Amino acid sequence: MPVLGDLFMYTAILSIKVNVNHFKIPSAYLAHEVEIDMYVPEGILGNEKIELLLINDGQDVARMDFAQILEDAHHSKRNHRLIVVAIKASADRLMEYGVAGKPDFKGRGASAGLYNDFIIKELLPFVKKKIAMPITGKVAYAGFSLGGLSAFDIAWNNPGIFDVIGVFSGAFWWRKKDLTDGYTDADRIIHELIDSSDTKPDMKFWLMTGTEDEKADRNRNLIIDSIDDTIDVVKGLLNKGYKRPDHIFYYEKVGGKHDVQTWESVMPAFLNWAFEA
């Protein structure tokens, strides 16, 4: 039976409130302002383990009850405080999200390298200045759909900064050739990046798809392409030497769709895995 002091501490943890702060960051790299929402738990003393999560497509996060999700996530983490930065996509999303230096067959993603520079050289310094305390725990990067592909690429190429990658319904189909132009699976850009990387970044991967993410089945194997492409990313990571479940968690949500409601429903599972107590 807990003593009064333990009960008071538990009650205090249950009542942690998360505040949302809105900022516009001018970017020299992108030549426009970038809007972000920062979710910050109240009452950070500085002696907790402070962790950070960046999320692409922050406009989708804004459609979730995200502050409540974070408050719930802190219930079992007495000494952890998670700060989340939701980065809203610009009108140039299809150019800024992608794989740096490797546009797809339509030229999309041509500014992905500049977006990487914004994240590393402008956003993170801004966020750390606002936090004004050292980040002593994990740093993760996540995203939805094409934003998930972008998060994977940026984190993979900056392993000294990021510890965890989270991808919800990732656009792992991103390819160098159109399906009608001699396409093969070897034309998928992120898979090629994984296979051709000389090093194995020290990080963990949480990858999610829904069984109703899409209807396309280009190889007619009765498995939708989003599942095939994500499982092939898992295989590529296994070939690099990563292990399941130590480094890789694959979540296939039955009935899950390519929408905010699905991503919101699995967000607690990602937060619990990525930032374990």
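Residues numbered from 1 in each chain as written. Predicted model: local features only at pLDDT ≥ 70, side-chain atom pairs only at ≥ 80, totals over all residues. Heavy atoms only, no water.

(A) Local environment of the packing of helix H6 (residues 146–156) against helix H7 (residues 189–196). Direction vectors running N to C along H6 and H7 enclose 20 degrees, while the axes themselves pass 11 Å from each other. With respect to their mutual orientation, H6 and H7 come out roughly parallel. As for how H6 packs across H7, the hand of that crossing is left-handed. Facing Leu149, Phe152, Asp153 and Trp156 of H6, the residues of H7 in contact are Ile190, Leu193 and Ile194. Within the contact of H6 with H7, the residues separate by chemical class into six nonpolar, no polar and one charged. (Axes fitted to C-alpha atoms, helices over the stretch in contact; angles between N-to-C directions. Helix = DSSP H or I, 4+ residues; strand = E, 2+ residues; numbered from the N terminus. Parallel < 35°, antiparallel > 145°, perpendicular 65-115°, else oblique. Left-handed = near helix turned anticlockwise from the far one by under 90°. Contact = heavy atoms within 4.5 Å. Nonpolar A, V, L, I, M, F, W, Y, C, P; charged D, E, K, R; others polar.)

(B) Structural detail: the sheet that holds strand S3 (residues 49–55). Judged by pairing direction, the sheet is mixed, and its eight strands sit side by side in the order S1-S2-S4-S3-S5-S6-S7-S8 without closing on themselves. At either end of the open sheet lies a strand with only one pairing partner, and these are strand S1 (18–27) and strand S8 (248–257). On average, each strand axis in the sheet is tilted by 20 degrees relative to the strand beside it, whichever way the strands run. Where S3 and strand S5 (residues 139–144) come together, four bridges link them in parallel fashion. Following the sheet pairing, leucine 54 is matched in S5 by tyrosine 141. Along the sheet face, helix H8 (residues 225–240) touches strand S7 (204–212) and S8 and points at about 160 degrees away from the line of S7. (Pairing = 2+ DSSP bridges.)

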